[in-house]
Amino acid sequence: DIPTYILVDRYIIRKCERPSRSVDFMDLTITIIDGRLETTLFEKAMNLYLYLPPHSSHPRGVFTGLIFGQVLRIRRLCSHTRDANKKILEFFQRLLARGHTQEALGPLFDKAEANARAYMQLSQEERERVRQQKSLDAHNQVFLHLQYHPNDPQSRDIQRIWREQVLQPEGETPLPDMENITGDRVGINKLVVMYSRPLNLRNRFSVRDINGRGTAGAHITEPM
């Protein structure tokens, strides 16, 4: 039962195991049961689940997106509802362990479940149309890149000013209907606020980019 390790080259080691009816692949555990493939979420035993704590200096949309994305991911990857419910409860409890409260998490999980149900009810054709529409919408948006600070105006306030002063100012031609110097409609109808964080101690003292001083990650906040 001891697995065999084969050295492919200096950097890749392939592990060969005896054939079985279950295998861990990427973030899935795939099992053959009664001639049918069933899947569940695979999580490494050493995973520390260090999710964002409530005092972390991140845009609010980042934490909301984490919950929405994880709940949808679990619902899509788990073959059985009971198994998915168990995984989502574990996710909820891990967030509690990071310092979040049930009062704050409850509404977010309710919205995330509603979002997941709506997505799962879409046919494959409808999902493809949504994907294509997002691809088309990407040509009609502009980006505002800011370095995040918790005391700066929130993204929703920036979006409100954008709508009132740029997109559809009162008594003026809406931005999408304006024409450029060649007579073509501008078409821009969406602002995406992109946040990047300042360099932290790791970026400054543990630089991995030999040509620079390190980089900071970016977060995207779209209008809700």
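Above this note sits the structure.
Residues numbered from 1 in each chain as written. Predicted model: local features only at pLDDT ≥ 70, side-chain atom pairs only at ≥ 80, totals over all residues. Heavy atoms only, no water.

1. Regarding the sheet that holds strand β3 (residues 22-25)
Phase 1 of the analysis: Read across the sheet, 3 strands follow the order β3-β4-β5 without closing on themselves; strand pairing throughout is antiparallel. The sheet is open, and its two borders are formed by β3 and β5 (36-41), each paired with just one other strand. On average, adjacent strands in this sheet sit at an angle of 25° to one another, irrespective of strand direction.
Phase 2 of the analysis: In terms of strand pairing, β3 meets strand β4 (residues 28-33) through 4 bridges, oriented antiparallel. Residue pairing across strands places F25 opposite L28, the latter belonging to β4.
Phase 3 of the analysis: Where helix α1 (residues 60-77) meets the sheet, it contacts β4 and β5, and its direction lies at approximately 160° from that of β5. (Pairing = 2+ DSSP bridges. Helix = DSSP H or I, 4+ residues; strand = E, 2+ residues; numbered from the N terminus. Axes fitted to C-alpha atoms, helices over the stretch in contact; angles between N-to-C directions. Contact = heavy atoms within 4.5 Å.)

2. Some thoughts on the packing of aromatic side chains
Phase 1 of the analysis: One pass over the structure, following the stated rule, counts 5 aromatic pairs.
Phase 2 of the analysis: A ring pair is formed by F92 and F109, whose centres lie 5.1 Å apart and whose planes are at 75°; its orientation type is edge-to-face. Of the two residues, F92 is situated in helix α2 (residues 81-97) and F109 in helix α3 (residues 102-120); the sequence distance between them amounts to 17 residues. Accessibility assignment for this pair places F92 and F109 in one class, buried. (Phe/Tyr/Trp six-rings, centres within 6.5 Å; stacked < 30°, edge-to-face > 60°. Buried < 20%, exposed > 50% of the residue type's maximum accessible area, 1.4 Å probe, protein only.)

3. What about the pattern of salt bridges?
Phase 1 of the analysis: By the definition in use, this model includes 10 salt bridges.
Phase 2 of the analysis: Across the salt bridge formed by E38 and R36, the nearest N and O atoms sit 2.7 Å from each other.
Phase 3 of the analysis: The class for R36 is partly exposed, based on a relative accessible area of 44%.
Phase 4 of the analysis: Between R94 and E90 there is a salt bridge; the shortest N-O distance is 3.8 Å. With R94 and E90 both in helix α2 and 4 residues apart, this pair spans about one turn of that helix. (Salt bridge = Lys/Arg side-chain N within 4 Å of Asp/Glu carboxyl O.)

4. Considerations on the packing of α2 against α3
For any two helices packed against each other, one specifies the inter-axial angle together with the distance between the axes.
Phase 1 of the analysis: It is the contact of α2 with α3, at a shortest axis distance of 11 Å, that shows an interaxial angle of 150°. Classified by the angle their axes make, α2 and α3 are roughly antiparallel. In this structure, α2 crosses over α3, and the sense of that crossing is right-handed. Each of I88, F91, F92, L95 and L96 in α2 lies in contact with α3, whose residues at this interface are Q102, L105, G106, F109 and E113. (Parallel < 35°, antiparallel > 145°, perpendicular 65-115°, else oblique. Left-handed = near helix turned anticlockwise from the far one by under 90°.)

5. Observations concerning the environment of R156
Phase 1 of the analysis: For R156, the location among the structural elements is in helix α5 (residues 155-167).
Phase 2 of the analysis: With a relative accessible area of 57%, R156 lands in the exposed category.
Phase 3 of the analysis: Here the alpha-carbon distance between R156 and V193, two residues 37 residues apart in the chain, equals 9.5 Å.

6. Quick notes on the packing of α1 against α2
Phase 1 of the analysis: As a packed pair, α1 and α2 sit with axes 9 Å apart at the nearest point and diverge in direction by 155°. When the interaxial angle is binned, α1 and α2 end up roughly antiparallel. Relative to α2, α1 is oriented so that their crossing is right-handed. Facing α1, whose interface residues are F63, L66, I67, Q70, V71, I74 and R75, α2 presents T81, A84, N85, K87, I88, F91 and L95.

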